[in-house]
Amino acid sequence: NAGVTQTPKFQVLKTGQSMTLQCAQDMNHEYMSWYRQDPGMGLRLIHYSVGAGITDQGEVPNGYNVSRSTTEDFPLRLLSAAPSQTSVYFCASRSGRSYEQYFGPGTRLTVT
Amino acid sequence: AQSVTQPDIHITVSEGASLELRCNYSYGATPYLFWYVQSPGQGLQLLLKYFSGDTLVQGIKGFEAEFKRSQSSFNLRKPSVHWSDAAEYFCAVVTFGNNNDMRFGAGTRLTVKP
């Protein structure tokens, strides 16, 4: 049981490039979320999904897209990276019966 | 506005001393409350949670937290800190019926002196 996995661990992008951060969970959780962590700001919710085919925006969605075609996977897409998107990104999941979230190890993204 | 406040950005304690990390929230209803710990370069690990019932909750690694409705607080405590407790600690809240909107405080970084 791997829990929540994220790839890559580290990534450097140039401004304007696109990329996808991968997230997968093997706990059959309905809910999945993406957060970004910036110094002094805690974690902020980017997008979330309450099940396959259903996504919604969080607190800071601009510049990011998501989709949820399967229960297991919830990729985060940056269409045109900007330096303001330099951050650590965490994926999380939880079951529908509990508000306790399980977090992945994070992806550290630098946009130059 | 709804918010989660951790007033202390950085706390330093000596090994063996007691610890209290503060968390205050501003929500209309009693939220679900959580404390997470993040070691350097790692993801977040749940220490404890409060949904209802006994207002003093026990967690892993010897931590406990007390929910005080009158003060809108959920402070984290440990009677005797170990060097391995050095990490960043986040308080988080979820409001009932708000799907997946877990809001986090800014975090408190704990340094443990030998």
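Before reading further, recall that the structure is shown in the block above.
Since we're looking at a predicted model, the values are computed, not measured.

Draft legend 1. Region of interest: the pairing of strand 8 (residues 64–68) of chain B. Residue and element names in this part refer to chain B. Both strand 7 (residues 56–58) and strand 8 contribute to a ladder of 3 bridges, which runs antiparallel. Bridge assignment links Leu 56 to a residue of strand 8, and that residue is Glu 66. Count of turn residues in the strand 7/strand 8 antiparallel hairpin: 5 residues, of which Lys 61 carries a positive phi of about 60°. Strand direction decides the pairing type here: strand 8 and strand 9 (residues 73–78), joined by 5 bridges, are antiparallel. Looking at strand 9, one finds that Glu 66 is bridged to Asn 75. Adjacent in sequence and paired antiparallel, strand 8 and strand 9 are bridged by 4 residues, among which Ser 72 carries a positive phi angle near 50°.

Draft legend 2. Seen up close, the sheet that holds strand 7 (residues 64–66) of chain A. Residues and elements named next belong to chain A. In spatial order, the strands read 1-3-8-7; together these 4 strands make up an open sheet with antiparallel pairing. The open sheet has two edge strands, strand 1 (4–7) and strand 7, and neither has a second partner. In this sheet, neighbouring strand axes are inclined to one another by 20° on average, regardless of whether the strands run parallel or antiparallel. Direction of pairing for strand 7 relative to strand 8 (residues 76–78): antiparallel, over a ladder of 3 bridges.

Draft legend 3. The side chain of Gln 25 of chain A, seen in detail. All names here are of chain A. In this structure, Gln 25 sits in strand 3 (residues 19–25). From its side chain, Gln 25 meets the backbone nitrogen of Asn 28 in a polar contact 3.1 Å long. Sequence-distant contacts of Gln 25, that is, excluding residues within four places in its chain, are made with Gly 3, Val 4, Met 32, Arg 68, Thr 71, Glu 72 and Ser 93.

Draft legend 4. Structural view of empty space enclosed by the protein. Residues and elements named next belong to chain B. All told, the structure shown has 2 cavities of 30 Å³ or more when counted by the stated rule. Its volume calculated, the largest cavity comes out at about 40 Å³. Taken together, Val 37, Ser 39, Lys 61, Phe 63, Ser 84, Asp 85, Ala 86, Ala 87 and Tyr 89 form the lining of the largest cavity. When its residues are assigned to classes, the lining of the largest cavity shows 5 nonpolar, 2 polar and 2 charged.

Draft legend 5. Structural view of the interface of chain A and chain B. Listed as interface residues are 21 residues of chain A and, on the opposing side, 23 residues of chain B. Buried surface at the junction of chain A and chain B, both sides included, amounts to about 1700 Å², of which 54% is carbon and sulfur. In terms of surface lost to chain B, no three residues of chain A exceed Tyr 99, Glu 100 and Phe 103 of chain A, which account for 35% of the buried area on that side. The tally of links between chain A and chain B comes to 2 salt bridges. Two residues, Glu 59 of chain A and Arg 103 of chain B, come together in a salt bridge whose shortest N-O distance is 3.8 Å. At the boundary of chain A with chain B, the tally comes to 3 residue pairs in polar contact (both at pLDDT 80 or more). Broken down by secondary-structure element, the contributors of at least two residues to the side of chain A that touches chain B are strand 4 (31–37), strand 5 (43–51) and strand 9 (87–94) of chain A.

Reading guide: rules and limits
Residues numbered from 1 in each chain as written. Chains lettered and ligands numbered in written order. Predicted model: local features only at pLDDT ≥ 70, side-chain atom pairs only at ≥ 80, totals over all residues. Heavy atoms only, no water. Pairing = 2+ DSSP bridges. Helix = DSSP H or I, 4+ residues; strand = E, 2+ residues; numbered from the N terminus. Axes fitted to C-alpha atoms, helices over the stretch in contact; angles between N-to-C directions. Polar contact = N/O pair within 3.5 Å; in protein donor to acceptor, adjacent residues only side chain to side chain. Contact = heavy atoms within 4.5 Å. 1 Å grid on protein atoms, 1.4 Å probe; cavity = no way out; pocket = protein on both sides within 12 Å on 5 of 7 lines; lining within 4 Å. Points joined across faces, edges and corners; volume = space filled by probe spheres on them. Nonpolar A, V, L, I, M, F, W, Y, C, P; charged D, E, K, R; others polar. Buried area = accessible area lost by both parts, 1.4 Å probe. Salt bridge = Lys/Arg side-chain N within 4 Å of Asp/Glu carboxyl O.

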